[in-house]
Amino acid sequence: MNEPTIDELIIDRQAAINEPLLPSLTQLTHWVGCVFAHHPDDQRREVTIRFVDERESQTLNRDYRGKDKTTNVLSFPFESPPGVELPLLGDLVICHAVVAQEAREQRKPLEHHYAHMVVHGILHLMGYDHIDDQEAEEMEQFERELLAELHIPDPYADTTSDGING
């Protein structure tokens, strides 16, 4: 499948923290593009990806999900007002400290875990979920397939924690 080009995707990369190990815009475009290659009819090609500290992650998770703890990735789908069509898919908020800790605990390269969090978050923005067991298995299988295309091993195999903490 052909990934959308950088000209077809608009990614607003925001770093609310000073951290040299954050993914580049090129990496984000590659990972997001991989997901969109499987959704060629979806014209919502704009996404914001914001990297935050633990405090901001915990505040957003508490205020929007009722869970007063940090989390790896939060997804905020854009809900267009009636009659207004915009190509905005939504926002991802990723907590670097949590992602880095999970990568260490799971003995994964940080880049691989970031790719997983971005793919996972984009799928949430597209309407995928893991509320029940069947949805979870379908979403996880799709994540495995997408990450394999990116040459990243199965993120759910042999980990010491459950991988997705949200």
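What you are looking at is a predicted structure, and each value in this text was computed from that prediction instead of being measured.

### Some thoughts on the packing of aromatic side chains
Line of reasoning, step 1. Following the criterion strictly, the structure yields three aromatic pairs and no others.
Line of reasoning, step 2. Pairing Y64 with F76 gives two aromatic rings, centres 5.2 Å apart and planes at 80°, and the pair type is edge-to-face. A residue pair is termed long-range when its members are at least 10 positions apart, and Y64 in helix α2 (residues 54-65) and F76 in strand β3 (residues 73-77) qualify at 12 residues.
Line of reasoning, step 3. A relative accessible area of 57% means that Y64 is categorised as exposed.

### As for the environment of A97
Line of reasoning, step 1. Following the sequence through the fold, A97 ends up in helix α3 (residues 96-105).
Line of reasoning, step 2. Residue A97 is classed as partly exposed on the basis of its relative accessible area of 29%.

### Topic: the sheet that holds strand β1 (residues 10-15)
Line of reasoning, step 1. The strand order β1-β2-β4-β3 describes an open sheet built from four strands, whose pairing is mixed. The outermost strands of the open sheet, each flanked by one partner alone, are β1 and β3. Each adjacent strand pair in this sheet contributes to an overall mean axis angle of 15°, direction not counted.
Line of reasoning, step 2. Here five bridges tie β3 to strand β4 (residues 88-95), and the two strands are oriented antiparallel to one another. Residue pairing for β4: F76 is matched across the bridge by D91.
Line of reasoning, step 3. Contacts between helix α1 (residues 25-37) and the sheet are confined to β1, β2 (46-52) and β4, with β1 contributing the most and set at about 135° to the helix.
Line of reasoning, step 4. Sheet strands in contact with helix α4 (residues 110-125) are β2, β3 and β4, and its direction is about 145° off that of β4.

### Regarding α3
Line of reasoning, step 1. Along α3, the residues classified as buried are H96, V98, V99, A100, E102 and A103.
Line of reasoning, step 2. Where α3 is buried, its residues touch β2, β4 and α4.
Line of reasoning, step 3. Taken from the residues just after α3, R107 is the one with a positive phi, measuring 55°.

### Focus: the UniProt feature "binding site: Zn(2+)" (unreviewed entry) in the protein chain
Line of reasoning, step 1. Listed under "binding site: Zn(2+)" (unreviewed entry) in the UniProt record, and renumbered for this structure, are H120, H124 and H130.
Line of reasoning, step 2. Note on placement: H120 falls in helix α4.
Line of reasoning, step 3. Here H120 falls in the buried class, since its relative accessible area comes to 2%.
Line of reasoning, step 4. Here the side chain of H120 touches H130 through a polar contact of 3.4 Å, side chain to side chain.

Procedures and definitions
Residues numbered from 1 in each chain as written. Predicted model: local features only at pLDDT ≥ 70, side-chain atom pairs only at ≥ 80, totals over all residues. Heavy atoms only, no water. Phe/Tyr/Trp six-rings, centres within 6.5 Å; stacked < 30°, edge-to-face > 60°. Helix = DSSP H or I, 4+ residues; strand = E, 2+ residues; numbered from the N terminus. Buried < 20%, exposed > 50% of the residue type's maximum accessible area, 1.4 Å probe, protein only. Pairing = 2+ DSSP bridges. Axes fitted to C-alpha atoms, helices over the stretch in contact; angles between N-to-C directions. Contact = heavy atoms within 4.5 Å. UniProt positions renumbered as here; feature names shortened; annotations may be inferred. Polar contact = N/O pair within 3.5 Å; in protein donor to acceptor, adjacent residues only side chain to side chain.

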